[in-house]
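# Fold and geometry: a report
This is what each chain is made of:
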Amino acid sequence: MGEVSRSLRVAIADDALLLREGISTVLEGGGIEVVASVGTGAELVEIASAGNLDAAVLDIRMPPSFRDEGIVALEQMRAAGSTIGVLLLSMYATPEYALRVMGAGSGTGYLLKERVSEPQTLVRAVETVASGGSVVDPEVVEQLVQRTRADDPLSRLTERERSVLELMAQGYSNGGIAQTLFLGLKTVETHVRSILQKLDLEESPEHHRRVLAVLTLLGAR
């Protein structure tokens, strides 16, 4: 018999107990093991430092100041060398927050809290960041695409390539993009290569290039 793969092990940090319970219910329904549920980013950082986590789901605004504690916790974990997936949740689509989250590198994501009511979206986002991928909420992506300037690097992309990049930002794999856009996998791979080339992102590991492409979409380059 082959080895049975274990469930992803995830910790949750949010000062609202009901929301933590809701997130736990959704994740456990998707086959993800919730091993800890706490009310502050500092507690989450301590849990992450002990190892044995695959990912963390954090509110952005938590005690004591209710400003950016979740992002600070992410930055502290990365500074300490943690590579676990980190998904930040926010009440609002704030591009500046999304930029800080994505700037922490691969294995990070930014979603609106309303996605908790979309079980498949939330579970897929956690699985994506746990595997080293990146996720940006579609609402944030839409805002930033509408802001794009004529001299932006994205102006080099075709309409189809832009659609592919938007799905990359939402954490879709090449296979997921193919299914969503009703394209062949080879066609999607060709589009992705073209996007990375047009954005001058040819020389780096695959996950890192995809994150840089998303940052370009967010206007960070």
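Criteria and cut-off values
- By convention here, each chain's residues receive numbers from 1 onward along its written sequence.
- Per-residue local features of the predicted model are confined to residues with pLDDT of at least 70, and side-chain atom pairs are confined, for both listing and counting, to 80 or more; whole-chain, interface and lining totals are unaffected and use all residues.
- Think of the side-chain values as coming from all heavy atoms in the structure, minus any hydrogens and water.
- For salt bridges, the criterion is a side-chain nitrogen of Lys or Arg within 4 Å of an Asp or Glu carboxyl oxygen.
- Secondary structure elements are defined from DSSP: runs of H or I of at least 4 residues count as helices, runs of E of at least 2 residues count as strands, and each element is numbered from the N terminus.
- Only protein chains enter the accessibility calculation, which uses a 1.4 Å probe; a residue whose area is less than 20% of its type maximum is buried, one above 50% is exposed, and one in between is partly exposed.
- Throughout, a residue-residue contact means that at least one pair of heavy atoms, one from each residue, lies within 4.5 Å.
- Identification of polar contacts relies on pairs of N or O atoms within 3.5 Å, with a donor-acceptor requirement for protein atoms, meaning one able to donate a hydrogen and the other able to accept it, and with residues adjacent in sequence counted only if both atoms are side-chain atoms.
- By convention a nonpolar core is built from buried Ala, Val, Leu, Ile, Met, Phe, Trp, Tyr and Cys residues, the set being connected through side-chain atoms within 4.5 Å.
- DSSP calls a pair of strands paired once it identifies at least 2 bridges connecting them.
- For helices, the axis comes from a line fit to the C-alpha atoms of the stretch in contact; other axes are also lines fit to C-alpha atoms, and the angle between any two N-to-C directions lies between 0 and 180 degrees.
- UniProt positions are given in the numbering used here, feature names are shortened, and annotations may be inferred rather than shown by experiment.
- Pairing of aromatic rings covers Phe, Tyr and Trp, the last counted by its six-membered ring, and requires centre-to-centre distances within 6.5 Å; plane angles under 30 degrees mean stacked, over 60 mean edge-to-face, and any other angle means tilted.
- Note on geometry: a ring has a charge over it if NZ (lysine) or CZ (arginine) is within 6 Å of the ring centre and within 35 degrees of the ring normal.

In this structure the tally under the stated criterion is nine salt bridges. With a shortest N-O distance of 3.0 Å, Lys113 and Asp59 are connected by a salt bridge. Of this pair, Lys113 sits in the loop between β5 (108-112) and α5 (119-130) while Asp59 sits in strand β3 (residues 55-59), placing them 54 residues apart in sequence. With respect to burial, Lys113 and Asp59 carry one shared label: buried. Salt bridges sharing partners connect three or more residues here, namely Glu114, Arg115, Glu118 and Asp137.

Relative to the helices and strands, Ser37 is located in strand β2 (residues 33-38). On the basis of relative accessibility, which here comes to 36%, the residue Ser37 falls in the partly exposed class. Linking Ser37 and Asp15, residues 22 residues apart in sequence, is a C-alpha distance of 9.8 Å. With near-sequence residues (within four places) excluded, Ser37 lies in contact with Ile12 and Arg20. At 2.8 Å, the side chain of Ser37 and the side chain of Arg20 are in polar contact.

Our next topic: the nonpolar core. Among the nonpolar cores identified, the biggest contains 51 residues, and Leu44, Leu58, Met77, Leu88, Leu165 and Met168 are the most heavily contacted of them. Here this core takes six residues from helix α10 (residues 206-217), the largest share from any one element. In contact with Leu58, other than residues within four places in its own chain, are Ala13, Leu44, Gly70, Ala73, Met77, Val86, Leu87, Leu88 and Leu89.

Here Ser82 lies in the loop between α3 (69-79) and β4 (85-90). Exposure remark for Ser82: the relative accessible area of 16% places this residue in the buried category. From its side chain, Ser82 meets the backbone nitrogen of Ile84 in a polar contact 3.5 Å long.

Turning to the sheet that holds β2, a few remarks are in order. Across the sheet, which stays open at both edges, the six strands sit in the order β2-β1-β3-β4-β5-β6 with parallel pairing between neighbours. Bordering the open sheet on either side are β2 and β6 (135-136), each of which pairs with just one other strand. In this structure, β4 lies alongside β5, joined through five bridges in parallel fashion. Bridge pairing links Leu89 to Leu111 in β5. Contacts between α5 and the sheet are confined to β1 (9-13), β3, β4, β5 and β6, with β4 contributing the most and set at about 140° to the helix.

We now examine the UniProt feature "modified residue: 4-aspartylphosphate" (unreviewed entry) in the protein chain. Per the UniProt annotation, the sites labelled "modified residue: 4-aspartylphosphate" (unreviewed entry) are Asp59. On the accessibility criterion, Asp59 (5% relative accessible area) is buried. Residue contacts for Asp59: discarding those within four places in its chain leaves Ala13, Asp14, Asp15, Gly70, Leu88, Leu89 and Lys113. A distance of 3.4 Å separates the side chain of Asp59 from the backbone nitrogen of Arg61, its partner in a polar contact.

A separate point is the packing of aromatic side chains. Tallying each qualifying case throughout the model produces zero aromatic pairs. Sitting above the plane of the Tyr172 ring, Arg124 keeps its charged end 4.1 Å from the centroid.

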